[in-house]
Every structure is written in C-alpha cells, then in structure tokens.
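Summary of structural features
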Amino acid sequence: IGECHSQCKKDDSMIIPAIDLGLMADHLSVHEGVIAKLKFYRTKVHHLELKSIIEEQLSMMRQHIRVMLTLIYPHQNENPYTSNDRGDRDKNENDEDGVLKDKHIALEAHATANFMAQNNFISAIMMKDSNVKHEHFNMAWQQVYISGKYEHFIRNMGWSKPPMASAQEQFRTFQLNQHLLKE
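Quick summary incoming for the structure in this document. Because the structure is a prediction, the values reported are computed rather than measured.

**Remarks on the nonpolar core**
Counting residues in hydrophobic clusters, the biggest one holds 21 residues, and the most contacted among them are Leu38, Leu50, Ile54 and Tyr150. Every element with two or more residues in this core is listed here: helix H2 (18–44), helix H3 (48–72), helix H4 (98–126) and helix H5 (130–156). Per-element accounting of this core gives the leading share, six residues, to H3. Setting aside residues up to four positions removed in sequence, Tyr150 forms contacts with Leu38, Leu50, Ile53, Ile54, Gln57, Ala106, Ala109, His110 and Ala113. In terms of nonpolar packing, the next biggest core, distinct from the first, is built from 11 residues, Leu28, Val67, Met68 and Leu71 among them.

**Observations regarding H5**
With 27 residues, H5 extends 39 Å from end C-alpha to end C-alpha; this agrees with the ideal 39 Å at 1.5 Å per step. Taken together, the buried positions of H5 are Val132, His136, Met139, Ala140, Gln143, Ile146, Ser147, Tyr150, Phe153 and Ile154. By the N-cap criterion, in which a side-chain oxygen at the helix start approaches the backbone nitrogen of a residue two or three places on, H5 is capped by Asp129, the distance to Asn131 being 3.1 Å. Positioned one or two residues after H5, Gly158 has a phi angle of 80 degrees, which is positive.

**Digging into the pattern of salt bridges**
Tallying each qualifying case throughout the model produces four salt bridges. Between Arg42 and Glu55 there is a salt bridge, with its nearest N and O atoms 3.5 Å apart. Here Glu55 lies in helix H3 and Arg42 lies in helix H2, a separation of 13 residues in the sequence. For Arg42, a relative accessible area of 1% corresponds to the buried category. Using a relative accessible area of 19% as the deciding quantity, one classes Glu55 as buried. Where Glu56 meets Lys149, a salt bridge forms, and the shortest distance between an N and an O atom there is 2.8 Å. Highlighted residues: Glu56 in helix H3 and Lys149 in helix H5, separated in sequence by 93 residues.

**Quick word on the side chain of Gln143**
With respect to the helices and strands, Gln143 occurs in helix H5. Of the residues examined, Gln143 reaches a relative accessible area of 0% and is grouped as buried. Setting aside residues no more than four positions away along its own chain, Gln143 makes contact with Gln57, Met60, Met61, His64, Ala113, Met116, Ala117 and Asn120.

**Some remarks on a nonpolar patch on the surface**
Judged by side-chain polarity, Ile19, Phe121, Ile122, Ile125 and Met126 come together as a nonpolar surface patch covering roughly 450 Å² of accessible area. The greatest single-element share of the nonpolar patch, amounting to four residues, is contributed by H4. Note on placement: Met126 falls in helix H4. Judged by relative accessible area, Met126 falls into the partly exposed class, the value being 37%.

**What about the side chain of Gln57?**
Tracing the chain through its elements places Gln57 in helix H3. Classification of Gln57 by relative accessible area gives buried; the value is 0%. A distance of 3.2 Å separates a polar atom in the side chain of Gln57 from a polar atom in the side chain of Gln143. Excluding residues that lie within four positions of it along the chain, Gln57 makes contacts with Leu38, Ala109, Ala113, Gln143, Ile146 and Tyr150.

**Remarks on the environment of Ser29**
Relative to the helices and strands, Ser29 is located in helix H2. Residues Ser29 and Ile65, spaced 36 residues apart in sequence, show a C-alpha to C-alpha distance of 9.9 Å.

What counts, and at which threshold
Residues numbered from 1 in each chain as written. Predicted model: local features only at pLDDT ≥ 70, side-chain atom pairs only at ≥ 80, totals over all residues. Heavy atoms only, no water. Core = buried A, V, L, I, M, F, W, Y, C linked by side-chain atoms within 4.5 Å. Buried < 20%, exposed > 50% of the residue type's maximum accessible area, 1.4 Å probe, protein only. Helix = DSSP H or I, 4+ residues; strand = E, 2+ residues; numbered from the N terminus. Contact = heavy atoms within 4.5 Å. Expected span 1.5 Å × (residues − 1). Polar contact = N/O pair within 3.5 Å; in protein donor to acceptor, adjacent residues only side chain to side chain. Salt bridge = Lys/Arg side-chain N within 4 Å of Asp/Glu carboxyl O. Patch = residues over 30% accessible without salt bridge, like charges linked within 9 Å, V, L, I, M, F, W, Y side chains within 5 Å. Areas by Shrake-Rupley, 256 points an atom, 1.4 Å probe, with all protein chains shown as cover.

The following block contains the structure:
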C-alpha cells in the first residue's frame, strides 16, 4: 500500500469520490468503537441467545470493515487485507446480577444496532459512487436485521412491551384522516 503513489496511476485503480472516502473513514472509526463495545458486552452477558446475537453482530461489523476497506483500496485486482477473523472468545465473568446486566446490555446493543442502521442509511444517501452507496444500503439492512433479533430477545425476556392503541383510538384517527383519500 505504501507504493500507491506510483501504482494509483494505473488503469486498474478504482478511484471513488472524496465524500465517499471521508464517510467511510468516519464509519471505520465508529465501527472500531462499536466492535470494542460489543467485545466487552460479550464477556459480560449470561444468556446464550444474547451472546449469540452479539457474536453475529460482531461478525457483521467485521464484514462491514472488510467491505469498506475493499471499496477504499484503489487496486481492485489485489487483496487489500488478509482475513484475520478473530477467533478469540472472552470468558464470561460470574456476576450476581447477571440478568439485570444482560438486560442493560441487550437494550444498549439494540440501540447501537439501530444507530448503525440509521448511520449507514443516511451515509448511503449522501454517497455518490453507486457501488459504495449500494453496499452501505446493504449494511443498513443488516443492522436492521440484527436490531430485530435484539428486539425479539428483549420482548421474549419481558423487558419491553410496546403500548397498544385501542380500537376506538384507531377508528377515531381513521375518521379524522379519511378525507385525505380525496386529496
């Protein structure tokens, strides 16, 4: 990579718009922080299902890094990285209030997945290169998927239940807005 100055002038280079490079450089630092947080969470959770979701999100985040580094690397016929999928699995620490800790971790990890989905989606809208844009839309959908898994886990544990509207409230709202069909 150090000899890019002379190699980047070749025809096999994929040069992307500066805004895309800047957004991805920012994403990489965000991903680094999220991965560190998820690795920490993985050592603290007690529920195996929650640990599995965190592992899946870690794997997803690492894959996102690979994709972005590949998109950034200007020589598309070369491998910009060596696959170094971390096999390290930190051991659980015993904790008296593990269920409460799992709840807090699950809620925060869910919020993180939602944030990452929004961040990737908004960035994709601003990106100019169609391939870079497409990959970030995919990353957003993957984070939406992992967010859904956290949400399912949280609901199954009884840690969240969305309030439901009554049929009367729904009907009243329907009546108030039915005129919009004629607009």
